[in-house]
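Descriptive structure summary
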Amino acid sequence: MQHAKVKVKDSASAMKANATITRAKVAEKAEAATARSHDERELAHERGKAKVAAAEMELHQAKVAHREEAMEHRLRKHVHGHKKDDKHGGGH
């Protein structure tokens, strides 16, 4: 069940990142279209690449956070189960 939750969270993060990337590319094209010189167009392209890279970085950070949550959940579940057994006199 936890694996499915991670998949859903990853999917939502990916959709958000893709939307951000698309907005960055549209903004880059609009800025390049209104640029008056070749240098301004290059600058617009560099800004667009930076925004895309930032969105991809956020996606990877979100995926790491999802994995950490899943690991913590598994650890808490595992530790909680042993404490319960020890409390009621269950042995190993």
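In short, a report on the structure.

Conventions adopted
Residues numbered from 1 in each chain as written. Predicted model: local features only at pLDDT ≥ 70, side-chain atom pairs only at ≥ 80, totals over all residues. Heavy atoms only, no water. Helix = DSSP H or I, 4+ residues; strand = E, 2+ residues; numbered from the N terminus. Buried < 20%, exposed > 50% of the residue type's maximum accessible area, 1.4 Å probe, protein only. Contact = heavy atoms within 4.5 Å. Areas by Shrake-Rupley, 256 points an atom, 1.4 Å probe, with all protein chains shown as cover. Salt bridge = Lys/Arg side-chain N within 4 Å of Asp/Glu carboxyl O. Expected span 1.5 Å × (residues − 1).

Here we look at the overall build of the protein
Each helix and strand counted, the protein has two helices and zero strands in total. Every one of the 92 residues in the protein was classed for burial, and the buried ones make up 17%. Counting only contacts in the protein whose residues sit at least 6 apart along the sequence, the fraction spanning at least 24 positions is 68%. For the protein, the accessible surface area stands at approximately 7,400 Å², while carbon and sulfur atoms represent 58% of it.

Overview of the environment of Lys-7
Relative to the assigned elements, Lys-7 resides in helix H1 (residues 2-34). Classification of Lys-7 by relative accessible area gives exposed; the value is 53%. Residues Lys-7 and Lys-63, spaced 56 residues apart in sequence, show a C-alpha to C-alpha distance of 9.3 Å.

What to know about the pattern of salt bridges
Pairs may arise between side chains of opposite charge once their charged atoms sit close together. For the structure shown, the criterion picks out four salt bridges. Here Asp-10 ties to Arg-67 by a salt bridge, and the two come within 2.6 Å at their closest N and O atoms. Of the two residues, Asp-10 is situated in helix H1 and Arg-67 in helix H2 (residues 38-87); the sequence distance between them amounts to 57 residues. Residue class for Arg-67 comes out partly exposed when judged on its relative accessible area of 40%. Salt-bridge contacts for Arg-47 lead to Glu-31; the nearest nitrogen and oxygen are separated by 2.0 Å. Here Arg-47 is found in helix H2, whereas its partner Glu-31 is found in helix H1, with 16 residues between them in sequence. Residue Arg-47 is classed as partly exposed on the basis of its relative accessible area of 40%. Given a relative accessible area of 26%, Glu-31 falls into the partly exposed group.

Some remarks on H1
Taking 1.5 Å per residue as the helical rise, H1 with its 33 residues ought to reach 48 Å, and the 48 Å between its terminal C-alpha atoms agrees with that figure. Listing the buried residues of H1 in full gives Gln-2, Val-6, Asp-10, Ser-13, Ala-17, Ile-21, Ala-24 and Glu-28.

No statement about biological role is implied by the geometric values presented.
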